[in-house]
Amino acid sequence: MKKMIALLAFSAIAISCSTTKGVESTNWLGKKVTMVSVAPENGKVTATRESEKALNLNSFEQLYPQTIYNPETVLVQYSFDRNKAKENYADDFYKEELFLEIPAKAFKKEYKDAALQDVKLVYGKHCYCKGEAGYYKITQGTLKVDHSDKQTKIKLSFKAPSTSLIENVEFVVE
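Definitions and cut-offs
- Residues numbered from 1 in each chain as written.
- Predicted model: local features only at pLDDT ≥ 70, side-chain atom pairs only at ≥ 80, totals over all residues.
- Heavy atoms only, no water.
- Pairing = 2+ DSSP bridges.
- Helix = DSSP H or I, 4+ residues; strand = E, 2+ residues; numbered from the N terminus.
- Axes fitted to C-alpha atoms, helices over the stretch in contact; angles between N-to-C directions.
- Core = buried A, V, L, I, M, F, W, Y, C linked by side-chain atoms within 4.5 Å.
- Buried < 20%, exposed > 50% of the residue type's maximum accessible area, 1.4 Å probe, protein only.
- Contact = heavy atoms within 4.5 Å.

Undergrad: Tell me about the sheet that holds strand β8 (residues 134-137), residues and numbers included.
TA: Spatial ordering of the open sheet is given by β3-β4-β5-β7-β8, a layout of five strands whose pairing is antiparallel. Sheet topology places β3 (43-56) and β8 at the edges, where each strand pairs with a single neighbour. Averaged over all pairs of adjacent strands, the angle between their axes in this sheet comes to 20 degrees, without regard to strand direction. In terms of strand pairing, β3 meets strand β4 (residues 66-82) through 13 bridges, oriented antiparallel. Residue V45 lies in a different strand from β4, and its bridge partner there is F80.

Here it is as structure tokens:
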């Protein structure tokens, strides 16, 4: 009986330690998303992972990411949409998003500061906030990626070129 109780206790500990803790939801693609980092208040956070997609950053003189077909890459997107006010106000919108293009082959790697140039990592801010809205390449921070064909785990801490609510994010997306 003691062996049975010890086995059950060990199993419970092993299971609780091996799972990713966080808030689970389903994205618009029907895939499971686990948000590990705390989401900003008064809004909705979501993430997606799309195979055979890439970022085209050379479309205009200004940085404006467009998605294109590429069978060798995966595009991971993370976004925060602030809830609108109950009253109807003009310019009542606020959104921050991250785009990350990674190789489709499974890997686990950490990028820091200058090494962030090895991946396409773009931050976007959309709001009525003069001088801050737009798209920016991320050049300062730490990115940890654990990617497989079943899921992608991202942990990112970065310095945004403008004020940001999502400078520290951690999530897992199928």
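Undergrad: Explain the pairing of β8 residue by residue, including any values.
TA: Where strand β7 (residues 120-127) meets β8, four bridges bridge the pair, whose relative direction is antiparallel. If you follow G124 over to β8, its bridge partner there is Y135. The turn linking β7 back onto β8 is made up of six residues, and G131 within it adopts a positive phi angle of 85 degrees.

Undergrad: Account for the nonpolar core, with residues named and values stated.
TA: Counting residues in hydrophobic clusters, the biggest one holds 32 residues, and the most contacted among them are Y78, L100, L143 and F171. Apart from the residues lying within four places of it in its own chain, the contact partners of L143 are L100, K109, E110, Y111, L116, V119, I154, K155 and L156.

Undergrad: Talk me through unusual backbone geometry; I want residue IDs and the actual numbers.
TA: The phi angle at E52 is positive, at roughly 60 degrees, despite the residue not being glycine. With respect to the secondary-structure elements, E52 resides in strand β3. Backbone geometry at D113 places phi at a positive 45 degrees, although glycine is not the residue there. Within the secondary structure layout, D113 lies in the loop between β6 (107-112) and β7. Looking at D113, the relative accessible area reads 34%, which means it is partly exposed.

Undergrad: Requested: an account of the sheet that holds strand β11 (residues 168-173), with residues and values cited.
TA: Taken in spatial order, the six strands line up as β1-β2-β11-β10-β9-β6 in an open sheet, and their pairing is antiparallel. On the outer flanks of this sheet lie β1 (23-26) and β6, each paired with one strand and no other. Averaged over all adjacent pairs, the angle separating strand axes in this sheet is 15 degrees, with direction ignored.

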